[in-house]
Amino acid sequence: LQKHGRLILGFVPLSSAWGKNLQQKKEDGHPFYKHAHFFTIPEVETLLEKQAFSVNAAVSSLFQPPGEIREMETPQPGTDANAGFVVLTAKVNND
């Protein structure tokens, strides 16, 4: 990244119902998910920190369980381990 660049990372947290559902698909040998790696939010934050990034914004969404989506959701600020999708914005610490 360029100096003052940002990384935007969207992922399915392992701890969520969606993460557990997709992890099971992986374990069952699903052709798409068999190569996927799922992480908890703290694990992703630690991976970013080890690469000299600091998270400066986050939103969470998809609180409805797999197979039960009934309505559009508004993303909520911050990280939530129960959310099926989380977006982190991180800044590289190269100042």
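That block above? That's the structure.
Thresholds, definitions, all that
Residues numbered from 1 in each chain as written. Predicted model: local features only at pLDDT ≥ 70, side-chain atom pairs only at ≥ 80, totals over all residues. Heavy atoms only, no water. Helix = DSSP H or I, 4+ residues; strand = E, 2+ residues; numbered from the N terminus. Contact = heavy atoms within 4.5 Å. Areas by Shrake-Rupley, 256 points an atom, 1.4 Å probe, with all protein chains shown as cover. Lys, Arg positive; Asp, Glu negative; His and termini not counted. Charge placed at Lys NZ, Arg CZ, Asp CG, Glu CD. Core = buried A, V, L, I, M, F, W, Y, C linked by side-chain atoms within 4.5 Å. Buried < 20%, exposed > 50% of the residue type's maximum accessible area, 1.4 Å probe, protein only. Salt bridge = Lys/Arg side-chain N within 4 Å of Asp/Glu carboxyl O. Polar contact = N/O pair within 3.5 Å; in protein donor to acceptor, adjacent residues only side chain to side chain.

## Some points on the overall build of the protein
Move 1: Looking only at helices and strands, the protein features 2 helices and 4 strands.
Move 2: Listed N to C, the secondary structure of the protein is β-α-α-β-β-β in terms of helices and strands.
Move 3: Residue pairs at least 24 apart in sequence account for 66% of intrachain contacts in the protein once pairs closer than 6 positions are excluded.
Move 4: With an accessible surface of roughly 6300 Å², the protein has 55% of that area assigned to carbon and sulfur atoms.
Move 5: Positive and negative charge centroids in the protein, built from 9 and 10 side chains respectively, lie 7 Å apart.

## Points about the nonpolar core
Move 1: Phe11, Ile41, Val44, Leu48, Phe53, Ala83, Val86, Leu88, Ala90 and Val92 together form the largest nonpolar core, which totals 10 residues.
Move 2: Taken together, the elements giving at least two residues each to this core come down to helix H2 (41–50) and strand S4 (85–92).
Move 3: Once you skip the residues sitting within four places of it in the chain, Val86 turns out to touch Leu9, Gly10, Phe11, Pro13, Ile41, Val59, Ser60, Thr79 and Asp80.
Move 4: One finds Trp18, Leu22, Ala36 and Phe38 within the second-largest nonpolar core, a separate group that totals 6 residues.

## Points about the side chain of Glu73
Move 1: Along the chain, Glu73 falls in the loop between strand S2 (53–61) and strand S3 (76–77).
Move 2: The buried charged residue Glu73 lacks any salt bridge partner; its closest oppositely charged side chain belongs to Arg70, at an N-O distance of 11 Å.
Move 3: Here Gln64 takes part through its side chain, which lies 2.7 Å from a polar atom of the side chain of Glu73.
Move 4: Once you skip the residues sitting within four places of it in the chain, Glu73 turns out to touch Ser61, Leu62, Phe63 and Gln64.

## Some remarks on the environment of Pro66
Move 1: With respect to the helices and strands, the residue Pro66 is situated in the loop between S2 and S3.
Move 2: Residue Pro66 is classed as partly exposed on the basis of its relative accessible area, which comes to 24%.
Move 3: Through-space distance from the C-alpha of Pro66 to that of Tyr33 is 15 Å; in sequence the pair is 33 residues apart.
Move 4: Leaving out residues up to four positions away in the same chain, Pro66 has contacts with Ala17, Trp18 and Asn21.

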